Amino acid sequence: MTKSIMIVGVGGQGTLLASRLIGHVLVEKGFDVKLSEVHGMSQRGGSVVTYVKYGEKVYSPIVDKGEADFILSFEAVEGARYLEMLKKDGTLITNTQEIYPITVITGGASYPAEPTQKLSKLCDVKAVDALALARAAGSEKAVNTVLIGVLSNYLPEIEQDAWLGAIEKLVKPKFVELNKKAFVSGREI
Amino acid sequence: MKELMLGNKAIARGLYEAGVKYVSSYPGTPSTEITEEVALYDEVYAEWAPNEKVATESALGASLAGARSFTAMKHVGLNVAADPLFTSAYTGVNGGMVICVADDPAMHSSQNEQDSRHYARAAKMPMLEPADSAECRDFTVLAYELSEKYDTPVLLRTCTRVAHSQSLVELKVRQEAGLKDYVKNPAKYVMNPGNAVKRHFAVEDRLKALKDYSETSPLNFAEMGDTALGFVCAGSCYQYVKEVFPNASVFKIGLSFPMPLDAIREFAGKVEKLVVVEELDGIFEQEIRAAGIRVDGGKDLFGNTGELSQSKIAAAMGLKAKEVSRFGEPVPGRPPVMCAGCPHRGVFYVLSKLKLTVTGDIGCYTLGASAPLSAMDSTVCMGASVSMLHGFNTVRPETSNKTVAVIGDSTFLHSGITSLTDIAYNRSISTVLILDNSITGMTGHQQNPATGYTLKMQQVPPVSLEKLCEAVGIRRVRSVDAYDLKAVEAAVKEELAADEPSVIICRRPCMLLKYVKPRPALSVEMDKCRACRSCMKLGCPAIRFEGGKAVIDANQCAGCGLCATLCAFGAIKEG
């Protein structure tokens, strides 16, 4: 059975590293894994999406409507944007941080009020203030590892050491300890 | 050993393993990482060329000299390289040569979604289409064998979902290919009419041989399952089809030109309904139909635009859609935007303020077309800003003092320089702004001839944009600091008033470059802010309005100071 994780956020938030980290752990665990990324223009502060799929044999690298077991949303309203990708019994793990898009800043559109509360009525939601946890761990840039920490609780087949090992391998040496701390703070939520 | 690899990285691995010696490319999403990754191997010479035509010709030269050579480009890059492409089919190769073209259906980062499969047919060159990273590696290695066996460059076509997806790849060791002997052979390599007439026969004969190979090649095969439905597909479409119909019969195409039409005919005879699944144009479908094979579904079901996916295929085949939840209220759009501190922002602010007509170009600065700056009137292709300005001003000389072109440093060296030569030579009174941010930005920071570094980070003398512009015959060339709004505005006004061609180089390195240290973040003194919204005209992602006052997000602010310059009440300060 193939499982699908969709990671959504704002260009520059570290969604690519998140998908690569999750992918790395799943490969180590012996799964067939596919990731899909989008590079280029959308990275400039736009809405970004990456996919992680794993199982015995994975064909399509993309996650489509109603297919995601998990959506890992790095920003409060991005989860709402991609809600239709979530399986009926899937879980939305979301950062409560709000980042206003340029359309809102310039007054052309409005940012929905209390998006996380509204989402909670529509699907299973696990909300965390990942920015605060990342700050506490030492850097706001560690939002991605905090959220992976939260996600790790939903993947019981993977033990904590495998996650920490992946952080050691994929993160630049001087940021490893910080990211491990961020991961654990997300996992212990 | 198996490794999770991006399709592009797997192609780079294939190049390494195939003993490739020479790689020359121009960056272009989604092809860029191939050349970046292959440059990490010491055994491979790899460079950024000024454009795709130069890259392809230099790879052909390396092939002529006996090396296995390679070039990668995005789909529109192949238009630039089309000239050498077509004639290299006539010359054939000495060392094997592969040209990778990465299509971008759905235009994640492109200006059109042309289908490069047409080029294989037009240039009469074989084309391979991998469907995942393992095939990216395998097909690359095989492409060199085919190139040398059939004496032809080989096209390797990917799309975004193959190039930018990661899957498992088995790594193998490098097989040194060495340098083949170079033997002078004008009849094969000097394509004057007398020689080319004969070579065209060789091209046609080769196509017949390749067609025979295609029929029996392990790259093209049938996976027989339930025979009620039979699909014909290649590349990422194969993955989507298998996901929706794991038990159906599938004919997978790996060598997509020349097509294995006899093998497909045999497959069609074994299934009740034949459905051709392909993104963009109905090329497979047309060729299959033209061969007299019955097709029960194709472009009538899937259309010619955008990417396909498992849900689109399921819907087109009449399957019930999965149940989904929706948020139920509008979610604000989040288009890409110039970064906080981007040196392009101030220039576009000035162009917008002066209400100029702006012919634009390809790069991060294309974002100058978006609100609130909205300072762009056209974007077509690399270099077009400059030549379109020339044409525009020649027929409307009365507005040439209200019209400018904007082009980046890398794009200018790619193909703006020939366009500027047109302006200088034919004397249109045109003003060109070169936005020199000292890097190729949009594709993710690649060096170019003006940065002073090569792909392998060797330091080299940088091209002087000033001297280059002067050398083609522009007498009025000046440079300004792109952060200095007053200087940019003054320069634009003066050059527009001049009655001869001019170039303004707006210079300031990209904010994201490692050596650029952000300045301290700015903040708004609330009691001084009069809510005039002047700062909001910049469209800076770090500034928003809250409780009727401007607020600066210290996390995002790069301290460029443009907003402080615009604030008439001195409300924006450091710290």
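### Describing empty space enclosed by the protein
Residue and element names in this part refer to chain B.
Consideration 1: Taken as a whole, this structure holds 7 cavities of 30 Å³ or more when the rule is applied.
Consideration 2: In this structure, the largest cavity spans a volume of roughly 130 Å³.
Consideration 3: In terms of lining, the largest cavity is formed by 14 residues, of which the most central are E129, R157, A234, G235 and E279.
Consideration 4: Mapped by element, the contributors of at least two residues to the lining of the largest cavity are strand 7 (154-159) and helix 11 (235-244).
Consideration 5: Per-domain counts for the lining of the largest cavity show at least three residues from each of domain 1 (2-216) and domain 2 (221-316).

### Notes on the sheet that holds strand 4 (residues 68-73) of chain A
Consideration 1: Here we have 8 strands laid out as an open sheet, ordered 6(A)-5(A)-4(A)-1(A)-3(A)-2(A)-8(B)-1(B), and mixed in their pairing. Two strands close off the open sheet at either side, each with one partner strand: strand 6 (124-128) of chain A together with strand 1 (2-6) of chain B. Pairs of neighbouring strands in the sheet enclose a mean axial angle of 20°, with direction left out of account.
Consideration 2: Pairing geometry for strand 2 (residues 32-36) of chain A and strand 8 (residues 165-170) of chain B, over 2 bridges, is antiparallel. Considered in strand 8 of chain B, the bridge of A:S36 is made with B:S165.
Consideration 3: Packing of helix 1 (residues 7-17) of chain B onto the sheet brings it into contact with strand 1 and strand 8 of chain B, and relative to strand 1 of chain B it is tilted by some 115°.

### Some details on the layout of surface pockets
Consideration 1: Quantified by volume, the second largest pocket comes out at close to 1200 Å³.
Consideration 2: Lining the second largest pocket are 46 residues; nearest its centre among them are A:Y51, A:V63, A:D64, A:K65 and A:M85.
Consideration 3: Residues of the lining of the second largest pocket, tallied by class, amount to 23 nonpolar, 9 polar and 14 charged.
Consideration 4: In terms of domain composition, the lining of the second largest pocket takes at least three residues from each of domain 1 (2-216) and domain 2 (221-316) of chain B.

About the thresholds
Along each chain, the written sequence defines residue order, and numbers are assigned to residues from 1. Working convention: letters from A go to chains and numbers from 1 go to ligands, in the order in which they are written. With the structure being a predicted model, the display of local features is reserved for residues of pLDDT at least 70 and the display and counting of side-chain atom pairs for 80 or more, all residues being used for whole-chain, interface and lining totals. The side-chain figures draw on all heavy atoms in the structure; neither hydrogens nor water molecules are used. Grid spacing is 1 Å over the protein atoms alone, the probe is 1.4 Å, and a cavity is where that probe fits but cannot get out, while a pocket is an open set with protein on both sides within 12 Å along at least five of seven lines and lining residues have an atom within 4 Å of a point. Grid points are joined across faces, edges and corners, and a volume is the space filled by probe spheres set on the points. Only DSSP runs of H or I covering at least 4 residues are called helices, and only runs of E covering at least 2 are called strands; the numbering of each starts at the N terminus. Where each domain starts and ends follows an automatic or database-derived domain assignment. Two strands pair under a simple rule: DSSP has to find at least two bridges between them. Here, axes are lines fitted to C-alpha atoms. For helices the fit covers the stretch in contact, and angles between N-to-C directions go from 0 to 180 degrees. The contact definition used throughout considers only heavy atoms, calling two residues in contact when any of these lie within 4.5 Å. Each residue gets one label: Ala, Val, Leu, Ile, Met, Phe, Trp, Tyr, Cys and Pro are nonpolar, Asp, Glu, Lys and Arg are charged, and the others, such as Gly, are polar.

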